[in-house]
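Structural description and commentary
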Amino acid sequence: MKKKSSEKKRHVVAWINKAEWDQVLDYLYSRDPALQRFALNRVSAWKSRYVGNTPVAVDCTADLVRVQVLDRSGQLRGDDLVLLYGAALMRFVNLITERQQGRIARDLRRLAGNLNIPEWVVDLRHEFTHRKLPTLKWCRRGCKVVLEWLQQEFWSRQLGGGPNEDWESPSDGEDEEEDLKRREDELIARQKERESYKHARELLISYEKEQYQSLDGPHEDKDQSWELAPFADMSWLLGEIKQFTLESSDLLIDVLLEDGFLIPTMEQLQTLSCSPPNDCDYAEPRVPQTFLRFWLPLLKTLNSPSFIHLLLEKLFAELKLTSEANDHRAFYISAWTSEVLVCNSNKFEYHFETKGQKKARMKDRIFVNRIQLRWQQLLTACLDAPCISMPHLLQLVLDDMEHPLPLETREKLLQLCSIYTQTPRSKVSAPPQQEQQPIYTLESLHEKLQHSRQHGHPSRSSADLEKSEEHKRTEDQAEKAKTLRGSPWQVCTDKVLWKDYPLGKIPGQSDDPSCLMVENYSVMTAFDQPVELETGTTHAVRGSTVATRTSEDFLWSQNDVNKLKCGLQLF
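Right, let's walk through the structure included here. (Residues numbered from 1 in each chain as written. Predicted model: local features only at pLDDT ≥ 70, side-chain atom pairs only at ≥ 80, totals over all residues. Heavy atoms only, no water.)

1. Quick notes on the overall build of the protein chain
Condition: Helix and strand assignments follow DSSP, with helices taken as H or I runs no shorter than four residues and strands as E runs no shorter than two, numbered in order from the N terminus. Burial classification: accessible surface area is computed with a 1.4 Å probe over protein chains only, and a residue below 20% of its type maximum counts as buried, one above 50% as exposed, and the rest as partly exposed. Whether two residues are in contact is decided by their heavy atoms, any of which lying within 4.5 Å being enough. In this description, accessible areas are obtained by the Shrake-Rupley approach with a 1.4 Å probe, and a residue is regarded as covered only by the protein chains that are shown.
Within the protein chain, the secondary structure is distributed over 22 helices and two strands. Looking at the protein chain residue by residue over its 571 residues, the buried ones come to 33%. Taking the contacts inside the protein chain whose residues are at least 6 apart along the sequence as the reference set, 66% of them involve residues at least 24 apart. Total accessible area on the protein chain is roughly 38000 Å²; 52% of this is exposed by carbon and sulfur atoms.

2. Description of the side chain of threonine 61
For clarity, the cut-off: Polar contact is the term for a pair of N or O atoms within 3.5 Å; when the atoms are in protein, one must be able to donate a hydrogen and the other to accept it, and sequence-neighboring residues count only if both atoms are side-chain atoms.
Checked against the element boundaries, threonine 61 lands in helix α3 (residues 56-73). Separated by 2.6 Å, the side chain of threonine 61 and the backbone oxygen of alanine 57 make a polar contact. In this structure, threonine 61 is in contact with Leu28, Tyr29, Leu147, Leu150 and Trp155, ignoring residues within four places of it in sequence.

3. Some details on the environment of leucine 378
Its location among the elements puts leucine 378 in helix α16 (residues 375-383). Exposure remark for leucine 378: the relative accessible area of 0% places this residue in the buried category. Along the backbone, leucine 378 and histidine 309 are 69 residues apart, and their C-alpha atoms lie at a distance of 8.7 Å.

4. Quick look at the pattern of salt bridges
Rule in force here: Between Lys or Arg on one side and Asp or Glu on the other, a salt bridge is scored when a side-chain nitrogen of the former is within 4 Å of a carboxyl oxygen of the latter.
Counted by the stated rule, this structure contains 20 salt bridges. One salt bridge connects glutamate 258 with arginine 201, and the closest N-O pair in it is separated by 2.7 Å. Residue glutamate 258 is located in the loop between α10 (235-256) and α11 (266-271), and its partner arginine 201 is located in helix α8 (residues 173-215); the two are separated by 57 residues in the primary sequence. Residue classification places arginine 201 among the partly exposed positions, given a relative accessible area of 25%. When the shortest N-O distance is used, the salt bridge between glutamate 318 and arginine 329 registers 3.0 Å. With glutamate 318 in helix α13 (residues 305-321) and arginine 329 in helix α14 (residues 328-343), the pair connects residues that are 11 residues apart, well separated along the chain. If you follow the salt bridges from partner to partner, you end up with Lys47, Asp59, Asp63, Arg66 and Arg91 in one network.

5. Examining the packing of α13 against α16
Counted only if it meets this: Lines are fitted to the C-alpha atoms to define the axes, a helix being fitted only along its stretch in contact, and any angle between axes, read from their N-to-C directions, falls within 0 to 180 degrees. Here the word oblique covers every angle except those under 35 degrees (roughly parallel), over 145 (roughly antiparallel) and from 65 to 115 (roughly perpendicular). Each crossing gets its handedness from the near helix: less than a right angle anticlockwise from the far helix is left-handed, clockwise is right-handed. Polar here means any residue outside two lists: the nonpolar Ala, Val, Leu, Ile, Met, Phe, Trp, Tyr, Cys and Pro, and the charged Asp, Glu, Lys and Arg; Gly therefore counts as polar.
Packing of α13 against α16 brings their axes to within 9 Å, and their N-to-C directions diverge by 20°. Relative to α16, the element α13 lies roughly parallel. Once α13 is placed against α16, the crossing between them reads as left-handed. Touching His309, Leu312, Glu313 and Phe316 of α13 are Gln377, Leu378, Ala381 and Cys382, all from α16. Tallied by class, the residues present in the contact of α13 with α16 amount to five nonpolar, two polar and one charged.

6. As for the packing of aromatic side chains
Put simply, the rule reads: The pairing test for Phe, Tyr and Trp rings, Trp by its six-membered ring, is centres within 6.5 Å, and the orientation test on the planes gives stacked under 30 degrees, edge-to-face over 60, and tilted for anything in between.
For the coordinates displayed, the defined rule picks out 18 aromatic pairs. Considering the side-chain rings of tryptophan 21 and tryptophan 46, the 5.9 Å spacing of their centres and the 5° angle between planes classify their relative orientation as stacked. Of this pair, tryptophan 21 sits in helix α1 (residues 18-28) while tryptophan 46 sits in helix α2 (residues 33-50); the two residues are 25 residues apart in sequence, bridging distant segments of the chain. A residue is classified by how much of its surface remains accessible, and tryptophan 21, at 1% relative accessible area, is buried. Centre to centre, the rings of phenylalanine 291 and tyrosine 332 are 6.0 Å apart; their planes meet at 75°, and the pair counts as edge-to-face. Of this pair, phenylalanine 291 sits in helix α12 (residues 289-301) while tyrosine 332 sits in helix α14, and the two are 41 residues apart along the sequence. The pair phenylalanine 291 / tyrosine 332 is uniform in exposure class, with both members buried.

7. With respect to the environment of leucine 272
Its location among the elements puts leucine 272 in the loop between α11 and α12. You can call leucine 272 buried: its relative accessible area is 1%. In the structure, leucine 272 is positioned 22 residues away from phenylalanine 294 in sequence and 8.9 Å away in space, judged by C-alpha atoms.

8. Some details on α10
In plain terms, the rule: To estimate how far a helix should reach, multiply one less than its number of residues by 1.5 Å. The angle between axes fitted to the seven residues ending at a residue and the seven residues starting there is what we call the bend at that residue.
Between its terminal C-alpha atoms α10 stretches only 19 Å, short of the 32 Å expected from 22 residues at 1.5 Å a residue. Residue serine 248 marks the point of greatest curvature in α10, where the axis turns by about 115°. All buried positions along α10 are accounted for by Leu237, Leu238, Ile241, Phe244, Thr245, Leu251, Leu252, Ile253, Val255 and Leu256.

9. A short note on unusual backbone geometry
A positive phi angle is found at serine 273, which is not glycine, with a value near 60°. Residue class for serine 273 comes out exposed when judged on its relative accessible area of 60%.

10. Brief notes about the packing of α14 against helix α17 (residues 390-400)
One can describe the packing of α14 onto α17 by two numbers: an axis separation of 10 Å at closest approach and a directional angle of 15°. The angle between the axes of α14 and α17 places the two elements in the roughly parallel class. When you trace α14 past α17, the crossing you get is left-handed. From α14, Ser334, Thr337, Ser338, Leu341 and Val342 reach across to α17, where they touch His392, Leu393, Leu396, Val397 and Asp400.

11. Remarks on the side chain of threonine 245
Summarising the element assignment, threonine 245 is placed in helix α10. A distance of 2.7 Å separates a polar side-chain atom of threonine 245 from the backbone oxygen of isoleucine 241. Setting aside chain neighbours within four positions, we find threonine 245 in contact with Leu252, Leu302 and Phe307.

12. Side note on the nonpolar core
To be explicit about the condition: Residues enter a nonpolar core if they are buried and are Ala, Val, Leu, Ile, Met, Phe, Trp, Tyr or Cys, with the set joined through side-chain atoms within 4.5 Å.
Ranked by internal contacts, the top residues of the largest apolar core, which has 68 residues, are Leu204, Ile241, Trp295, Leu298 and Trp336. Broken down by secondary-structure element, the contributors of at least two residues to this core are α8, α10, α12, α13, α14, α16, α17 and α18 (407-421). Tallying contributions element by element places α14 first for this core, with 10 residues. Those residues in contact with leucine 204 that lie beyond four places of it in its chain are Ile241, Leu252, Val255, Leu256, Phe261, Trp295 and Leu298. Residues Val65, Leu89, Trp120 and Val146 belong to the second largest nonpolar core, which totals 46 residues.

Just distances and angles here, no functional claims.
Now the structure itself:
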């Protein structure tokens, strides 16, 4: 007699009970690294009990979570993390699809599709294996999607947590149709995204080729040839790029910020005769003029407010991902950020320049007219991207805000920034209107009058000025001595470099603090001390009728304290 199909198969497992399973599941998918480490230790114990027969899903989940913990610790660089993510993702795709492979090798995409694994995860595995390594952003995204798939398809179906212990859950016809349609839509969207990405790279590579051809052309001045290029051979190419930006500017900026475009390689710098940045350039990075003019025709074509703001947000986001302050990529990301902010600056001294000066200044600007940016978002993005050039970028943002922060707040932000990045403190500049427009007060008019008198009497020698200053100092000392007359303290008239002595210490003073005690003094209780009001008369605290106490009685009762509080006045 055959067994019923509904009868469950029993297996020997490595966990103690369902509570331990649920605890490990919760800790693995927690955001706390300490809890994730605890769960990884429990999985290691399970693997030792299984002796090589650990479930594939448990093993893959542990590998991916372990890489996430290392990523959040901040101890590894981006390239190291990409390799670790790649190894974990490749193991996942290979181990999960291995059960469906037969004697003849089958396409991994089809096998992954049967298991509801997104196709782009398989493509990510192929990039790790056969092509150029993907970016860290795609690795993190792939790890997140795979962990969600493992949680839904394996972990939630164990020990009665799901409707069925098999990986392929049953569903009716409508659910299958909806799921099939959803997967087809996702596949079409991913295909369009890949085609758009490929098209964006082709457009930018074509732009670079045209620029290099103009550099190698018959023009003697390469800067002049780059300026003429947009109006000659490249007008159609710039039009194509601008049209592409209207459809997907986000994708174009992502491609622009890849190595080889706005982030030049060493070969590109050598071709353009640009020297690599020095250590002193990282504090205030600027794009080399030759490399800036290389990309100016394209950036001037795309200088819409929405594009510029999106570019700044992407630059700050990429700057946040850079691990080393003196990294080549971090320098050029900071340099392009500084270039855009400088172009949008509205300095007061520019208002009085001539047309020729303005034309020369605007020659190497990405855009001319000031753009209304979302300054609060940019300030937050700047503070979230700490690096060696952060004080310089923060200074530019604070100076150019439409509604600037209070001067005290700006000073505190810059001071905290300099402490965090271990860089010299930047000086906060007052608003241009305050620097240029004087505020006349009675003291400033007196100083201006004295200054004019000094300049109006050129016959007055420097000896006379020194004599008058010495006389003024003598009068000040005499006035101070008169104030301290009858006191055990005296004004020091000797020439002493007080900066060489710590606060509270005088020349010739011993280390014994008793030397500062005066010879004659008396002891007075708190109730014997008079309270001096503004009128100069002596009164007791109003509302208190405490009896006079001797010098030996210093204790106050609770009733005395309440009476003092009732009669207390602030003046």
